[in-house]
Amino acid sequence: MAESVSVSKDASPAARYAELMPQIEALIAGESNLVANLANVAAALKEAFGFFWVGFYLAEDRELVLGPFQGPVACTRIGFDQGVCGRAFTNRETIVVPNVDEFPGHIACSSAARSEIVVPIFGVEGEVLGVLDVDSDRLDSFSEADRKGLENIVRVIERSTRSHTNSERIE
Ligand code: SME
C-alpha cells in the first residue's frame, strides 16, 4: 500500500482533486473497515491540501459523533439540529460557509476556524451516515472545485460502504 499521497502543489484545486482521486480509490480498495478508510481519507486530504481541520462525524442515535480526523482537538458530539454539520446532515446537502461568524449556530471547535465546508455521506438506503467536515483558518477558502472534489471523494467512501457487510458499518 502507498505510504503517502502526492499532488502537484502548484496545480489548480480541480487538478489536485483529479490527481488525488485514484490515490484515494487505491487506498480504500483493499480495506473493508470503514473507520480505517475514513482515517486514511482524512490523512490523504490533509497531506494533499494542508487543510486546517479535516475529518468525519458519524450518526449515532440522535447526534453526530466525532470520527477520524486530522487537525486540532474537536467537539465530540453535535446534535442533528446544531452547527454546520447538523444543518448539512438534516438538509442532506453540502454546505459551504465563507465566513463562520456569519453562520447562525456555527460551532467553533477551534477559534482559529474562519470558513468551512460540510458534505453529507449517504448509505445504501439513502440515509445519512455522517458528514465530511473541512475547516480553514482563512476566510472564503472553499470553491466550487472543492465542493465537487470533496463530493466525489465522499462518493468513493459511499461505494466502499456499500461493499461492506452490515456488521462492518458504523452503527
Ligand atoms: N464547525 C462545526 C463543528 C465541528 S468543528 O468544525 C471540527 C459545526 O458548526 O458543525
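Keep in mind that what you see is a predicted model, and the values were worked out from it rather than measured. (Residues numbered from 1 in each chain as written. Predicted model: local features only at pLDDT ≥ 70, side-chain atom pairs only at ≥ 80, totals over all residues. Heavy atoms only, no water.)

A. Focus on the sheet that holds strand β1 (residues 53–60). Taking strand neighbours across the sheet as the criterion, the six strands line up as β3-β2-β1-β6-β5-β4 in an open arrangement whose pairing is antiparallel. Edge positions in the sheet fall to β3 (77–79) and β4 (95–97), since each has one partner strand and no second. On average, adjacent strands in this sheet sit at an angle of 25 degrees to one another, irrespective of strand direction. Its contacts with the sheet place helix α2 (residues 34–49) against β1, β2 (63–70) and β6 (128–136), and it is angled at close to 55 degrees to β2. Contacts from helix α4 (residues 144–162) reach β1, β4, β5 (115–122) and β6, with the element oriented near 30 degrees to β5. (Pairing = 2+ DSSP bridges. Helix = DSSP H or I, 4+ residues; strand = E, 2+ residues; numbered from the N terminus. Axes fitted to C-alpha atoms, helices over the stretch in contact; angles between N-to-C directions. Contact = heavy atoms within 4.5 Å.)

B. Quick look at the environment of Leu20. Mapped onto the elements of the fold, Leu20 is located in helix α1 (residues 13–29). Distance in space between the C-alpha atoms of Leu20 and Gly55 is 17 Å, their sequence separation being 35 residues. With near-sequence residues (within four places) excluded, Leu20 lies in contact with Val5, Val7, Ala44, Leu45, Ala48, Phe49 and Ile153.

C. Structural detail: the state of the cysteines. A complete count under the given rule lists one disulfide for this structure. Here Cys75 is linked by a disulfide to Cys109, with a sulfur-sulfur distance of 2.1 Å. Taking the torsion about the S-S bond as the criterion, the Cys75 to Cys109 disulfide, at about -125 degrees, is left-handed. Of this pair, Cys75 sits in the loop between β2 and β3 while Cys109 sits in the loop between β4 and β5, placing them 34 residues apart in sequence. The exposure class of Cys75 is partly exposed, given its relative accessible area of 21%. Cys109 sits in the partly exposed class, given a relative accessible area of 31%. The closest cysteine sulfur to the non-disulfide-bonded Cys85 is located on Cys109, 7.6 Å from its own sulfur. Residue Cys85 is classed as buried on the basis of its relative accessible area of 3%. (Disulfide = S-S within 2.5 Å. Buried < 20%, exposed > 50% of the residue type's maximum accessible area, 1.4 Å probe, protein only.)

D. Molecular detail of the layout of surface pockets. Approximately 200 Å³ is the volume found for the largest pocket. When residues of the lining of the largest pocket are traced back to their parent elements, those giving at least two are α1 and β6. Taken together, the residues that form the lining of the largest pocket break down as five nonpolar, four polar and five charged. (1 Å grid on protein atoms, 1.4 Å probe; cavity = no way out; pocket = protein on both sides within 12 Å on 5 of 7 lines; lining within 4 Å. Points joined across faces, edges and corners; volume = space filled by probe spheres on them. Nonpolar A, V, L, I, M, F, W, Y, C, P; charged D, E, K, R; others polar.)

E. Structural context of the packing of α2 against α4. At a minimum axis distance of 11 Å, the contact between α2 and α4 shows a crossing angle of 160 degrees. With respect to each other, α2 and α4 are oriented roughly antiparallel. Viewed along their axes, α2 and α4 form a crossing whose handedness is right-handed. Contacts between α2 and α4 pair Leu34, Asn37, Leu38, Val41 and Leu45 from the former with Leu150, Ile153, Ile157, Ser160 and Thr161 from the latter. (Parallel < 35°, antiparallel > 145°, perpendicular 65-115°, else oblique. Left-handed = near helix turned anticlockwise from the far one by under 90°.)

F. Summary view of the confidence of the model for the chain. Scored by pLDDT, the chain comes out at a mean of 93, with 94% of its residues at no less than 70. Below pLDDT 50 for its whole length, residues 165–169 participates in eight contacts with residues either more than four positions away or in separate chains. (pLDDT = per-residue confidence, 0-100.)

G. Inspection of the nonpolar core at higher detail. Grouped together as the largest cluster of nonpolar side chains are 32 residues, with contacts concentrated most on Leu20, Leu45, Leu132, Ile153 and Ile157. Going through the elements one at a time, α1, α2, β1, β5, β6 and α4 are the ones with two or more residues in this core. With eight residues, the single largest contributor to this core is α2. (Core = buried A, V, L, I, M, F, W, Y, C linked by side-chain atoms within 4.5 Å.)

H. Focus on the site of the ligand. Taken together, 13 residues are adjacent to the ligand, and Val84, Cys85, Ile107, Cys109 and Asp135 come closest. Cys85 is positioned such that a nitrogen or oxygen atom in its backbone is 2.9 Å from an oxygen atom of the ligand. In this structure, the ligand is accommodated by the largest cavity. Listed by contribution, the elements that provide at least two residues to the shell around the ligand are β1, α3 (83–91) and β6. The dominant element in the shell around the ligand, judged by the number of residues it contributes, is α3, at three residues. A class-by-class count of the residues in the shell around the ligand yields eight nonpolar, two polar and three charged. (Near = heavy atom within 4 Å. Polar contact = N/O pair within 3.5 Å; in protein donor to acceptor, adjacent residues only side chain to side chain. Sits in = over half its atoms within 2 Å of the grid points.)

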